[in-house]
Structure formats: structure tokens, C-alpha cells
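Structure assessment
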Amino acid sequence: MNVSEIMLPKKHLNVYPKSDENILAVIDFYFSVNETSRNRALEKFKEITLSLNQIEFIVRKLSEAIDVVFKKNLSSIELDNLVQYGIDALLIGECKYPTSQNRKRITLEFKQFVTETELNINSEKAPIIA
């Protein structure tokens, strides 16, 4: 079982198609960034084989981790850089740039944040609301 099977929602739980418009809608829902930053993040997501629900999960967790992981570790925060941290942590399972100890540490810290804040990533049943 690879890291993405554990850390990301299952593809078969996806409801909407992966399109540029839908990816940008997800980005816009969680982040207020300029057009250039949006497009660079979009290109990163188009390079990998993730479904829209998996992209939404990564973007949501990145937005939740801004204060607790990224602002305390990075002097400048760019969305495409955050997306790469998300891909490295949740799809690959580690930093794909092993020469940067800081990047490796931040990637692992983000992965740990997701592990600690997400209860049941792949629940196929809707929660029971009393």
C-alpha cells in the first residue's frame, strides 16, 4: 500500500470531473491569490494523476496548515510551492528534493499535521447526524 492510498481520499469517491475550471474553483474557494499563482498551481495539479476530490483534499489541508506549518517556516508563501509540499507529503510521502533539509522538515511537518487533523479520509459512508 503506497502513501497516497493512506493519505488521500479514494478516487472512486469523486463526484466531479477533473477540469481546469473545477480545479480553479477549488483553488479559489480556499485561497485568494493572483492569476499567475492560480495558473502555476493549476499546472502542478495537471501534471499528476489525481481526481478532483483528492485535489480538493490537498488544497483544503494546505489552507488549514497555513498558520501552524507554513507561516512559521517560510518567509514567502506561494501557492504553487504549497501545492508541491502537498504533493510531496501526501502523494509521494516525502520531500522529493532531499538536498534541502528545511524542505524535507516542512514536508514531514505538513504530513504529520494531516495525520493528526484528519480522522477518516476514506470513509465511504456519510456521517450519522443526530
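Conventions used here
- Residues numbered from 1 in each chain as written.
- Predicted model: local features only at pLDDT ≥ 70, side-chain atom pairs only at ≥ 80, totals over all residues.
- Heavy atoms only, no water.
- Phe/Tyr/Trp six-rings, centres within 6.5 Å; stacked < 30°, edge-to-face > 60°.
- Buried < 20%, exposed > 50% of the residue type's maximum accessible area, 1.4 Å probe, protein only.
- Helix = DSSP H or I, 4+ residues; strand = E, 2+ residues; numbered from the N terminus.
- Arc of directions from axis to C-beta.

So, about the packing of aromatic side chains. Enumeration over the complete set of coordinates arrives at three aromatic pairs. Considering the side-chain rings of F29 and Y30, the 4.9 Å spacing of their centres and the 80° angle between planes classify their relative orientation as edge-to-face. The partly exposed category is assigned to Y30, whose relative accessible area is 22%. With centroids separated by 5.5 Å and ring planes inclined at 50°, the aromatic side chains of F70 and Y85 adopt a geometry described as tilted. Of this pair, F70 sits in helix α5 (residues 66-70) while Y85 sits in helix α6 (residues 79-92), placing them 15 residues apart in sequence. The exposure class assigned to F70 is buried, which follows from its relative accessible area of 0%. Residue Y85 is classed as buried on the basis of its relative accessible area, which comes to 2%.

All right, on to helix α2 (residues 20-30) then. Those residues of α2 that fall on the buried side of the exposure criterion are I23, L24, V26 and I27. The buried residues of α2 occupy an angular sector of 155° when projected down its axis, which confines them to one face. Within α2, the exposed residues directed more than 90 degrees away from the buried face are E21 and F29.

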